[in-house]
Amino acid sequence: MSDKPVIVYGASGYTGRLVCEYLREFNVPFLAAGRDEERLGSAMERNVAGIETAQYEVATTEHTVDALAKLFSGASAVCNTVGPFARYGPEVVEACLAAGVHYLDTTGEQDWMITCDEKYGADFAAAGLLLAPGVAQMYTTGEIAAQVCLEQPGLDTLDIAVFWGGSPTIASTQTILVNAAMSTAHYLEQNTYQPWDPEAGLYQLSIPGQHELALALPWGGTSHPVWFRNDPRVANVRALGGVFNKPLMLGVPQIVAAALEATKDMDTDAKYAALDATAAQVMNQMPPRENPRLNKSLDSVHASGPLGRAHCVIHGNSNYKQTGLLQAYAAYSLLQQPPRRVGFASGCQAFGHRELLGVLRSFGLVMEPVLTVER
């Protein structure tokens, strides 16, 4: 049982450390939880800025529903950074429900989000609890841009592009491969999920702020089609994403294709083990702390309807810091007041897109959105 109101599960990872750092900024006591006490303690002491002034403890746990529920009991919110989430998320979600705790995570796995919606959403709503997967820069900041566009009535189609600078983390690399091998990426067409063509390869996009065409992928489909599937304003959503590093993007399809070919005849456990090994060959160490001069982000949303268009662009920096801040603020907010929506909900639906934008702006992580409206 925890006497801290917020638990960061997977706190020793790259994103988990940043969540802890921003919880300290909000003066929120937290429990840094995971499986390895020595690794957790080292991560807090060596990698979390200002940790000497934070109110925190370290705790280890087994990754089972019973053990996690026991640990979560007494807390108000869990920030889960342990992925791939389709593989490790069910125990954490079920433990949160059993312990009566709000759930947040940083997933980019569309199939996991659909599972949260369809399998767990109603139970969380009945318990008055928030189930908010995908509270992260790659999804929430783009959703903020989409919601700003949708402040203009009569727009029902969203064309979303999300780009960022820097290298993926170990967990992100694993997620990319697991997404490709274990699930299908979808877009939304007339409120119905439709599969992206897995053979389409890289897409070329014209994005604001540069003359060179950028390379993008469906990136597992992203969260946006899931968030907007039951929004009466929106019928169609397509989202593509990528990194500004063109050579890295050119290599992604080859890496994914090789992993798929190597694992196509394996059972589930063997496939996960092989994908983990491939991910380790691609990225087996923590990337350096973000530099805002290098690690830039771009979220661009074209919204259209029969008689109108809007385009919102949000330029920012340090996408992992944005994720850490969004997670910490969401947990902080849940300690102050109930969310705007319980059950399955996005960060914007639960906390307000203008509120989240204000938080990102106040920490210097995004510029004021550039909005163009045509009527």
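One structure accompanies this document, and this report is about it. Here the structure is a predicted model, which means the values were calculated and not measured.

Re the overall build of the protein chain
- Within the protein chain, the secondary structure is distributed over 13 helices and 16 strands.
- The C-alpha radius of gyration computed for the protein chain amounts to 19 Å, which stays within 12% of the reference 21 Å derived for 375 residues, consistent with globular compactness.
- Considering only C-alpha atoms, the protein chain reaches an extent of 55 × 45 × 40 Å along its principal axes.
- When burial is assessed residue by residue, the protein chain has 56% of its 375 residues classed as buried.
- Within the protein chain, residue pairs in contact and separated by at least 24 positions form 77% of the contacts whose partners lie at least 6 positions apart.

Some thoughts on the packing of helix H6 (residues 137-149) against helix H11 (residues 319-336)
- The geometry of H6 relative to H11 is characterised by a closest axis approach of 9 Å and an angle of 80 degrees between their N-to-C directions. The orientation of H6 relative to H11 falls into the category roughly perpendicular. Touching Gln 137, Thr 140 and Thr 141 of H6 are Asn 319, Gln 322, Thr 323 and Leu 326, all from H11.

Details of H11
- Taking 1.5 Å per residue as the helical rise, H11 with its 18 residues ought to reach 26 Å, and the 26 Å between its terminal C-alpha atoms agrees with that figure.
- Burial analysis of H11 places 15 of its 18 residues in the buried class, the great majority of the element.

What to know about the packing of aromatic side chains
- All chains considered together, the criterion is met by 14 aromatic pairs.
- Judged by centre distance (6.5 Å) and plane angle (75 degrees), the rings of Tyr 9 and Phe 72 are edge-to-face. Note that Tyr 9 is positioned in strand S1 (residues 6-9) and Phe 72 in helix H3 (residues 65-72), a separation of 63 residues in sequence. Phe 72 shares its class with Tyr 9; the two are buried.
- Here the aromatic rings of Phe 30 and Tyr 56 are separated by 5.6 Å at their centres, their planes lie at 15 degrees, and the arrangement is stacked. With Phe 30 in strand S2 (residues 30-34) and Tyr 56 in strand S3 (residues 56-60), the pair connects residues that are 26 residues apart, well separated along the chain.

Some points on the pattern of salt bridges
- Inspection of every chain in the model, using the stated rule, returns ten salt bridges.
- Note that Lys 4 and Asp 3 form a salt bridge whose closest N and O atoms lie 3.5 Å from each other.
- When its relative accessible area of 11% is taken as the criterion, Lys 4 is described as buried.
- For Asp 3, a relative accessible area of 61% translates into the label exposed.
- Connected through shared salt-bridge partners, Asp 3, Lys 4 and Glu 57 make up one network.

What counts, and where the lines are drawn
Residues numbered from 1 in each chain as written. Predicted model: local features only at pLDDT ≥ 70, side-chain atom pairs only at ≥ 80, totals over all residues. Heavy atoms only, no water. Helix = DSSP H or I, 4+ residues; strand = E, 2+ residues; numbered from the N terminus. Rg over C-alpha atoms; globule rule 2.2 N^0.38 Å. Buried < 20%, exposed > 50% of the residue type's maximum accessible area, 1.4 Å probe, protein only. Contact = heavy atoms within 4.5 Å. Axes fitted to C-alpha atoms, helices over the stretch in contact; angles between N-to-C directions. Parallel < 35°, antiparallel > 145°, perpendicular 65-115°, else oblique. Expected span 1.5 Å × (residues − 1). Phe/Tyr/Trp six-rings, centres within 6.5 Å; stacked < 30°, edge-to-face > 60°. Salt bridge = Lys/Arg side-chain N within 4 Å of Asp/Glu carboxyl O.

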